[in-house]
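# Analysis of the macromolecular model
Spelled out, the chains give:
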Amino acid sequence: MKKILALLLASVMALSLCACGTTTDETTDEGTTTETETTTEANPADAISDTMTSEDGTYELAFVTDVGQLKDKSFNQGTWNGVKLYADANDMSYKYYQPANGDQATDDDRYDAMKAAVDAGATAVVCAGYLQEAALQRAAIDFPDVQFIFIDGYPLDDDPDPDVQGNILTNVAGIAFKEEQSGYFAGYAAVMEGFTELGFSGGGGGTNPACCRYGYGFVQGANEAAAEKDVQVNVNYSWQYGSNFSASPELQTMATGWYQQGTQVIFACGGSMFQSISAAASANDGAVIGVDVDQSSESPAVITSAMKELADAVQWSLTKVFDGTFSEIGGQATSLGVETDAVGLPTATWSLTNFTVEQYEAMYQQVKDGTLTVDADYETGLEQDYSNLTLNII
């Protein structure tokens with residue numbers, strides 16, 4: 001896949017994969033950090049420690065995590081990598097904050113994490129996930145001189161009543177992605193590869209717009225490929241056991257049942273949910289599609305990943321904080337897609353053999369030039385009748 005934001009990130013260090021055999025920091029549930037060896041290609045961010053001690057005890061950049069683990073090999077980690085890479089390239093101090101109570105964190109817990117970041121000197125705070133909305137609104141009002149980057153977010157106003165339009169908070173930049181596009185590519189690729197029994201297991205209980213866009217795009221792509229091949233495909237589609245984006249025995253049991261009943265590949269769309277689904281796949285000779293970042297190194301069951309370039313988007317946004325152009329994104333709705341190479345599949349690492357890179361690149365260009373449009377309206381679109389696909393919503 002092309003590196004995203006090639007034009008937008010001209011002022012940011014170039015990113016490339018490092019050699020294999022390096023060590024990476026892993027953060028446990030208790031917050032301690034250990035080093036473990038990896039024998040796969042590593043992201044440059046892996047060489048940057050997750051923890052540091054600044055000389056004056058203050059931290060210029062902060063990251064407030066979404067639910068789940070910091071090193072979830074997905075959404076949190078991809079976002080955090082962007083913070084670390086920007087800090088390292090610009091010799092800045094940085095720190096991450098995990099809201100109290102883990103997966104049961106409240107809006108107050110999230111606000112407290114944001115306040116702790118500001119109290120520790122942060123002038124830019126990156127907040128991950130739509131669950132941050134209420135806390136971020138409050139923090140942006142209380143700390144108007146701090147710039148907040150709302151990943152998977154949208155503009156916020158200063159009125160807590162959702163039915164009342166207040167003044168737009170210009171110190172919040174809502175950065176979203178066109179996940180329906182990479183979801184489409186993944187569904188299309190799976191069917192072109194030869195799979196006809198598909199599964200989608202999403203996080204957020206069906207309330208997370210990003211996961212909803214991924215899932216709807218996946219269904220559209222699978223249906224289009226099925227029509228082109230003149231075959232019928234079936235898709236199990238579920239939000240069960242994914243409300244907190246975590247791995248669980250219940251989720252693994254569900255995925256195991258799907259595989260044993262004929263499902264060939266499952267799109268694992270929700271952070272640490274990947275661990276349960278990939279475990280079920282490995283035990284049942286099934287396949288997995290990863291999400292958000294390239295998860296090919298996490299399990300041999302992964303055939304490809306529906307990606308969005310989180311780390312690059314964070315670096316681009318942070319650049320605007322410190323070069324004086326934050327007003328271009330503050331208070332605005334920014335949605336990144338193929339037009340900036342912000343979403344797609346990792347062709348260098350996928351294990352697809354029937355669907356070629358050339359076919360993918362041709363389809364990618366069709367989306368980019370507008371000859372192929374992927375619908376993002378999952379609220380009504382998912383309910384349509386599909387020509388070559390049976391959707392089994394569980």
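Basis of the calculations
Residues numbered from 1 in each chain as written. Predicted model: local features only at pLDDT ≥ 70, side-chain atom pairs only at ≥ 80, totals over all residues. Heavy atoms only, no water. Helix = DSSP H or I, 4+ residues; strand = E, 2+ residues; numbered from the N terminus. Buried < 20%, exposed > 50% of the residue type's maximum accessible area, 1.4 Å probe, protein only. Contact = heavy atoms within 4.5 Å. Areas by Shrake-Rupley, 256 points an atom, 1.4 Å probe, with all protein chains shown as cover. pLDDT = per-residue confidence, 0-100. Pairing = 2+ DSSP bridges. Axes fitted to C-alpha atoms, helices over the stretch in contact; angles between N-to-C directions. Core = buried A, V, L, I, M, F, W, Y, C linked by side-chain atoms within 4.5 Å. Salt bridge = Lys/Arg side-chain N within 4 Å of Asp/Glu carboxyl O. Right-handed = clockwise from strand over helix to strand, strands pointing away. Expected span 1.5 Å × (residues − 1).

## Description of the overall build of the chain
A count of helical and extended segments in the chain gives ten helices and 15 strands. Within the chain, the proportion of its 394 residues that are buried is 57%. Sequence separation of at least 24 residues holds for 69% of the intrachain contacts in the chain that already meet a minimum separation of 6. Just so you have it, the chain exposes about 15900 Å², and 46% of that area is on carbon and sulfur atoms.

## Details of the confidence of the model for the chain
Mean pLDDT over the chain works out to 90, with 89% of the residues at or above the 70 mark. Across residues 1-40, confidence stays below pLDDT 50; counting only partners more than four residues off in sequence or on other chains, it has 95 contacts.

## Quick look at the sheet that holds strand β6 (residues 147-151)
Strand order in the open sheet formed by six strands is β4-β3-β5-β6-β7-β13, with parallel pairing between adjacent strands. Bordering the open sheet on either side are β4 (94-97) and β13 (333-336), each of which pairs with just one other strand. Between one strand axis and the next, the sheet turns by 20° as a mean value, whatever way the strands run. Packed onto the sheet, helix α1 (residues 75-89) meets β3 (61-64), β4, β5 (124-128) and β6 and runs at close to 180° relative to β3.

## Regarding the nonpolar core
For soluble globular proteins, nonpolar side chains are generally found buried alongside one another. Counting 84 residues, the largest nonpolar core has L61, I151, F185, L198, F267 and F355 as the members making the most contacts within it. The element that contributes the greatest number of residues to this core is helix α5 (residues 209-229), accounting for nine residues.

## Here we look at the pattern of salt bridges
Tallied over the entire structure, the rule returns twelve salt bridges. Between D292 and K308 there is a salt bridge, with its nearest N and O atoms 3.8 Å apart. In this pair, D292 sits in strand β11 (residues 287-292) while K308 sits in strand β12 (residues 302-308), placing the two residues 16 residues apart along the sequence. For the pair shown, D292 and K308 are each scored as buried. K320 serves as the salt-bridge partner of E328, at 2.6 Å between the closest nitrogen and oxygen. You can call K320 buried: its relative accessible area is 11%.

## Let's talk about the pairing of β4
With four bridges joining them, β3 and β4 adopt parallel strand pairing. Directly across from F63, in β4, lies its bridge partner Y96. This β-α-β element, β3 to α1 to β4, shows right-handed connectivity.

## Examining the sheet that holds strand β9 (residues 233-238)
With mixed pairing, the seven strands of this open sheet are ordered in space as β14-β12-β11-β10-β8-β9-β15. Unpaired on one side and paired on the other, β14 (343-344) and β15 (389-393) mark the two borders of the sheet.

## Considerations on helix α4 (residues 179-193)
Here α4 contains 15 residues, and its C-alpha end-to-end distance of 21 Å stays within 8% of the 21 Å for a straight helix at 1.5 Å per residue. Most of α4 is tucked away: 15 of the 15 residues are buried. Backbone geometry just after α4 places G194 at a positive phi near 125°.

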